[in-house]
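Structure at a glance
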Amino acid sequence: MELVTVDDIRAAARRISTEIVRTPLLPASWGDADRPLWIKPENLQPIGAFKIRGAFNALGRLDPAVRSRGVVAYSSGNHAQAVAYAAAAYGVAAHIVMPEETPAVKVEATRRHGANVVLCGAGQRERVASDLVESTGGVLVPPFDHPDIIAGQGTIGLEIAEDLADVATVLVPVSGGGLASGIGTAIRALCPQAKVFGVEPELAADTAEGLARGERVDWPVAQRNRTIADGLRSTPSALTFAHLQQVLDGVITVSEDEIRSAVAELADRAHLVAEPSGAVALAGYRKGGTSAGATVIVLSGGNVEPLLLREILGAHVPSAG
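Residues numbered from 1 in each chain as written. Predicted model: local features only at pLDDT ≥ 70, side-chain atom pairs only at ≥ 80, totals over all residues. Heavy atoms only, no water.

Named according to an unreviewed UniProt entry, the protein chain is Serine/threonine dehydratase originating from Mycolicibacterium mageritense. The UniProt entry for the protein chain carries the following comment under Cofactor (unreviewed entry): "pyridoxal 5'-phosphate". (UniProt positions renumbered as here; feature names shortened; annotations may be inferred.)

Shown next, in the form of structure tokens:
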């Protein structure tokens, strides 16, 4: 199986440079003294999440005649918005399949970008998307299982390496694995001294189990859907799992309470809105167990339901100072 290279990621960076925000590394003075903390705030992207990078790279790589037929995607939310946004920029139709349990804020945002949203039952999105490809003639843009998606997400790793060459640890949310595959590939090539850890919910820890066993495992959808981190309910593909085996030093699993605390901490201390899926890297940092030295956490997205955010913040006691 051919894996994505740092040259693929560099090409993606050139391709998408005018379409995305090059997010800064924000220093967090309230981090641990022996592990200086930096935040990569991908919630500042136009659609509120990192997925825009892979979407623009994938659409940009399509032959114009193929792209003109429109695109199809399936997603729990952020990839849906990213493909809808990129399709609108290219002036082509987008048909997006989303699970019925997707937070309304993500469904509504996808529709605002002009996409045709098709809701489906749990575990049915791939089948429904396949039907749409057949009926519309559009091309499928998968959420993580494609080299162009992985390369696009990997541009985050390029930026981290450029801004903090002596980074010691990078913590990345992991679900389908496209983000961690891309970032890990870039960091391995450019900052070989750094450790790269995936972070995932305990309630959807199929990546941690799979890497420990040396083979992919596929937890039932209902089991993965228990976590509050709705963007981390996918399982790696054969392609992303092969990358993760090469680029991750390990996976840190975090509890639902730890995820909620991380959402509140980012709002309280960093003044950043993070969805639960986007906050898991901070939860992993708080869990400890990583080496001393500069640590970057990837805040992957901020598309959280307002009611859920109010609930989390209402239950949180702000820290002093």
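Turning our attention to the overall build of the protein chain. Secondary structure assignment for the protein chain yields 14 helices and ten strands. What you see for the protein chain is a C-alpha radius of gyration of 18 Å, in line with the 20 Å of a compact globule of 321 residues. Structurally, the protein chain occupies a C-alpha span of about 55 × 45 × 40 Å along its principal axes. Relative to its full complement of 321 residues, the protein chain shows a buried share of 58%. For the protein chain, long-range pairs separated by at least 24 residues make up 74% of all intrachain contacts whose partners lie at least 6 apart in sequence. Between the mean site of the 28 positive side-chain charges and the mean site of the 36 negative ones, the protein chain shows a separation of 2 Å. (Helix = DSSP H or I, 4+ residues; strand = E, 2+ residues; numbered from the N terminus. Rg over C-alpha atoms; globule rule 2.2 N^0.38 Å. Buried < 20%, exposed > 50% of the residue type's maximum accessible area, 1.4 Å probe, protein only. Contact = heavy atoms within 4.5 Å. Lys, Arg positive; Asp, Glu negative; His and termini not counted. Charge placed at Lys NZ, Arg CZ, Asp CG, Glu CD.)

Okay, the UniProt feature "domain: Tryptophan synthase beta chain-like PALP" (unreviewed entry) in the protein chain next. Under the UniProt annotation, "domain: Tryptophan synthase beta chain-like PALP" (unreviewed entry) lies at residues 16-301. End C-alpha to end C-alpha, residues 16-301 measures 18 Å, and it is 45% helix and 16% strand.

Grouped together as the largest cluster of nonpolar side chains are 31 residues, with contacts concentrated most on Ile39, Leu171, Leu266, Leu282 and Ile297. Broken down by secondary-structure element, the contributors of at least two residues to this core are strand 2 (37-41), strand 8 (195-201), strand 9 (250-254), helix 12 (256-270), helix 13 (276-287), strand 10 (295-299) and helix 14 (306-314). Grouped together as the second largest cluster of nonpolar side chains are 28 residues, Ala58, Ala82, Val92 and Met98 included. (Core = buried A, V, L, I, M, F, W, Y, C linked by side-chain atoms within 4.5 Å.)

Taken in spatial order, the four strands of this open sheet run 5-4-3-6, and their pairing is parallel. A single partner strand is all that each edge strand has here, and the edge strands are strand 5 (116-120) and strand 6 (139-140). Where strand 4 (residues 94-99) lies against strand 5, five bridges are found, and the strand directions are parallel. Looking across to strand 5, one finds that Val97 is bridged to Val118. (Pairing = 2+ DSSP bridges.)

Along the chain, the position of Glu275 falls in the loop between helix 12 and helix 13. Not counting the four nearest positions on each side in its chain, Glu275 is found in contact with Asn78, Lys106, Val263, Gly301, Gly302, Asn303 and Val304.

Let us look at the pairing of strand 2. Most of strand 2 sits out of view: four of its five residues are buried. As paired elements, strand 2 and strand 10 share five bridges and run parallel to each other. Each residue of the ladder has a partner; that of Ile39, found in strand 10, is Ile297.

Pairing is mixed across the open sheet formed by six strands, whose spatial order is 1-2-10-7-8-9. Since the sheet does not close on itself, it has two edges, and those belong to strand 1 (26-28) and strand 9, each with one partner. Adjacent strand axes in the sheet meet at a mean angle of 30 degrees, parallel and antiparallel pairs treated alike. As paired elements, strand 8 and strand 9 share five bridges and run parallel to each other. Bridge pairing in strand 9 places Gly198 opposite Val251. (Axes fitted to C-alpha atoms, helices over the stretch in contact; angles between N-to-C directions.)

On to the pairing of strand 4. Of all six residues in strand 4, six are buried; the element is thus mostly enclosed. Burial along strand 4 is two-sided: Ala94, Ile96 and Met98 and His95, Val97 and Pro99, pointing in opposite directions, are all buried. The pairing of strand 3 (residues 71-74) with strand 4 spans four bridges and is classified as parallel. Residue pairing for strand 4: Tyr74 is matched across the bridge by Val97. Taken together, strand 3, helix 4 (residues 78-90) and strand 4 constitute a β-α-β crossover, and its handedness is right-handed. Where the polypeptide runs from strand 4 across helix 5 (residues 104-112) and back to strand 5, its parallel neighbour, the crossover connection is right-handed. (Right-handed = clockwise from strand over helix to strand, strands pointing away.)

Our focus in this paragraph is the pattern of salt bridges. Evaluated as defined, the whole model comprises 20 salt bridges. A salt bridge links Glu42 to Arg53; the nearest nitrogen and oxygen atoms lie 2.8 Å apart. Here Glu42, found in the loop between strand 2 and helix 2 (51-61), pairs with Arg53, found in helix 2; they are eleven residues apart in sequence, far enough to count as distant. Grouping residues by exposure puts Glu42 and Arg53 together as buried. A salt bridge links Lys287 to Glu258, with the nearest nitrogen and oxygen atoms 3.2 Å apart. With Lys287 in helix 13 and Glu258 in helix 12, the pair connects residues that are 29 residues apart, well separated along the chain. (Salt bridge = Lys/Arg side-chain N within 4 Å of Asp/Glu carboxyl O.)

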